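Residue-level structure breakdown
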Amino acid sequence: MAPLGEIVIYHLLCVTALHSRNYIEAFDNQTACVAAVVKMLQSQKEENWTLPLLYTVCIDLRLVAQKAEGCNPQSNGKILEKAAESLLACFRVCAADNRSSDSETKRLGMLNLVNQLLKVYFRINKLHLCKPLIRAIDSSPFKDQFPLAQQITYRYFVGRKAMFDSDYKAADEYLSYAFQNCHGRSAKNKRLILTYLVPVKMLLGFMPSKPLLEKYDLMQFWDLVSAVKEGNLRGIDNVMEEHESFFIRAGIYLIVEKLKITAYRNLFRKVYLLESSHQIDIASFQAALQIMGQEDVDSDETQCIVANLIYDGKIKGYISYQHKKVVVSKQNAFPPLSSLY
C-alpha cells in the first residue's frame, strides 16, 4: 500500500547508511522517509492513528541530523536547518487539520513536533524562530490536553527562551512548572532544569539551599550564592573563572554575570546599615567596592553603579551630585528583590 512501501524502503536505506557510518546519506533517506509519512498523513482525512509513527520518524530525523552535523563541522548548522524545514512541514499538516473531531484531530500532534523544533532551534541558536511556534501552542484549544511529558519539555524550552529574553518572571514560572512536574526518578532532567532555574531564582532574590544543590550535583552555584549574599565581587569573579567551562557550556555565563548587580545591591546595603544614615557619601560606596577587589573604581564609576541600581528599583533614593551623596528613602531604602518582579 502506497506510501507504506516508500516509508519502509527509506527507513531500511537509512539504517543501512547508519550501519556504514554514512550519516549524510542516512539523513537524506530519513528526510525522504519523513516526507512519505507526511504524504500518508495528508491522505487521511478523519484519522490520526499515524501520529505515533510521525513522532518516531521525526525524532529519528533530528538525531540523524545531529550525527551528520557532528561529522561535517563545515556545514555550520545547514543540515539541522534542513531537518527543521521537514519538521515544520509536519507541524503545518497537523496545525491545519481543523475539520476533524477533537478525538481524531491531527492538531493533537502539534506539541510533540514543536518540542522537536525547539530542540533544533536551540542547538543552531535560532531562538527568534521559536516565537510563532510558542504563539501557536499558547493559542491552541488543546494546550492543556497534551501529555504531561510533552508539556514539561515545552515549558523547559520556553522558560529558557524567556530567561535569554530577560523576562525572569516568566522564566521562573515555566521552569518551576517543569521542575515540579518532572518525574521524581528523572534526576538527570531535574538537574538540567535546575541549571537554568537556579540563576533565574537568584536574579529574583531567592537563593537555593545547599542540600538541594548537593542532591542534584550543582555545587558550582554554592560559592556563587555565598559571594552574592555577601556582596563579594572578588568571590564572584573567582567562581566564574573556576567554573567558566560549566557556565559557558550551559549557556548561562552572561546570566550569571548579571548576578553582580545583586551583589552590588547587597554590598551597598551593608554600607547603609553600617552608616545608619539615609545620607551616604559616594566615597563610602567607593571604598566598599575597593575592599571587595575593584581597586581601580573611581567616584564616577561608583555613581554610575548606584544610578543603575536606583533605575532598577533596587535602591530607593537619588544621587545629590552637588554634595556627592546618595540620599535613600527613610522607609524601605533597599526593597527585597522578590518584590521588584
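Residues numbered from 1 in each chain as written. Predicted model: local features only at pLDDT ≥ 70, side-chain atom pairs only at ≥ 80, totals over all residues. Heavy atoms only, no water.

1. Some words on the overall build of the protein chain
Along the backbone of the protein chain there are 17 helices and three strands. At 26 Å, the protein chain has a C-alpha radius of gyration far larger than the 20 Å of a compact globule built from 341 residues. Dimensions along the principal axes, computed over C-alpha positions, put the protein chain at roughly 85 × 45 × 40 Å. Carbon and sulfur atoms make up 52% of the accessible area of the protein chain, which amounts to about 17600 Å² in all. (Helix = DSSP H or I, 4+ residues; strand = E, 2+ residues; numbered from the N terminus. Rg over C-alpha atoms; globule rule 2.2 N^0.38 Å. Areas by Shrake-Rupley, 256 points an atom, 1.4 Å probe, with all protein chains shown as cover.)

2. Details of the pattern of salt bridges
Enumeration according to the criterion identifies nine salt bridges in this entry. Residue Lys106 pairs with Asp97 through a salt bridge whose shortest N-O separation is 4.0 Å. Relative accessible area serves as the criterion here: at 4%, Lys106 is assigned to the buried category. Across the pair Asp312 and Lys314 runs a salt bridge whose closest N-O atoms are separated by 4.0 Å. Look at Asp312 and you get partly exposed, because its relative accessible area is 37%. (Salt bridge = Lys/Arg side-chain N within 4 Å of Asp/Glu carboxyl O. Buried < 20%, exposed > 50% of the residue type's maximum accessible area, 1.4 Å probe, protein only.)

3. So, the packing of helix α1 (residues 4-19) against helix α2 (residues 23-43)
For the pair α1 and α2, the least separation of the axes is 8 Å and the interaxial angle reads 165°. Here α2 runs roughly antiparallel to α1, going by the angle between their axes. As α1 runs across α2, the sense of the crossing is left-handed. For the pair α1 and α2, contact is made by Leu4, Glu6, Ile7, Tyr10, His11, Leu13, Cys14, Ala17 and Leu18 and by Tyr23, Glu25, Ala26, Asn29, Gln30, Ala32, Cys33, Ala36, Val37, Lys39 and Met40, respectively. (Axes fitted to C-alpha atoms, helices over the stretch in contact; angles between N-to-C directions. Parallel < 35°, antiparallel > 145°, perpendicular 65-115°, else oblique. Left-handed = near helix turned anticlockwise from the far one by under 90°. Contact = heavy atoms within 4.5 Å.)

4. Quick word on helix α15 (residues 259-275)
Look at α15: 25 Å from first C-alpha to last across 17 residues, which is about the 24 Å you get at 1.5 Å a residue. All buried positions along α15 are accounted for by Leu259, Lys260, Thr262, Ala263, Tyr264, Arg265, Asn266, Leu267, Phe268, Val271 and Tyr272. Directly beyond the C-terminal end of α15, a positive phi value near 50° is found at Ser276. (Expected span 1.5 Å × (residues − 1).)

5. Brief notes about unusual backbone geometry
With glycine set apart, most residues show a phi of negative sign, and most peptide bonds adopt trans. Despite not being glycine, Ser166 has its phi angle at roughly 65°, a positive value. Note on placement: Ser166 falls in the loop between α7 (148-164) and α8 (168-181). Phi at Asp217 takes a positive value of approximately 55°, unusual for a residue other than glycine. Inspection of the secondary structure puts Asp217 in the loop between α10 (210-215) and α11 (222-230).

6. Focus: the pairing of strand β3 (residues 325-328)
Looking at chain direction, strand β1 (residues 279-281) and β3 are connected through three bridges and run antiparallel. Within β3, the residue paired with Asp281 across the bridge is Lys325. Counting the residues in the hairpin turn of strand β2 (residues 317-320) and β3 gives four residues, including Lys324, whose phi is positive at 55°. (Pairing = 2+ DSSP bridges.)

7. Quick look at the pairing of β2
The pairing of β2 with β3 spans four bridges and is antiparallel. In the strand pairing of β3, Ser320 is matched with Lys325.

8. Topic: the environment of Pro199
Considering the arrangement of structural elements, one finds Pro199 in helix α9 (residues 187-203). Residue classification places Pro199 among the buried positions, given a relative accessible area of 1%. Considered as a pair, Pro199 and Lys106 are 93 residues apart in the sequence and their alpha carbons are 38 Å apart. With near-sequence residues (within four places) excluded, Pro199 lies in contact with Leu194, Phe221, Ile252, Ile255 and Leu259.

9. Regarding the UniProt feature "domain: PCI" (unreviewed entry) in the protein chain
Taking the numbering used here, the UniProt-annotated feature "domain: PCI" (unreviewed entry) corresponds to residues 152-333. As a span, residues 152-333 carries 66% helix and 6% strand, and end to end its C-alpha atoms are 39 Å apart. (UniProt positions renumbered as here; feature names shortened; annotations may be inferred.)

10. Digging into helix α6 (residues 130-138)
Among all positions of α6, only Cys130, Leu133, Ile134 and Ile137 are buried. Taken around the axis of α6, the buried residues stretch over an arc of 100°, which confines them to a single face. Away from the buried face of α6 by more than 90 degrees, exposed residues Lys131 and Arg135 are located. The inward-facing, buried residues of α6 abut α4 (78-95), α5 (110-123) and α7. (Arc of directions from axis to C-beta.)

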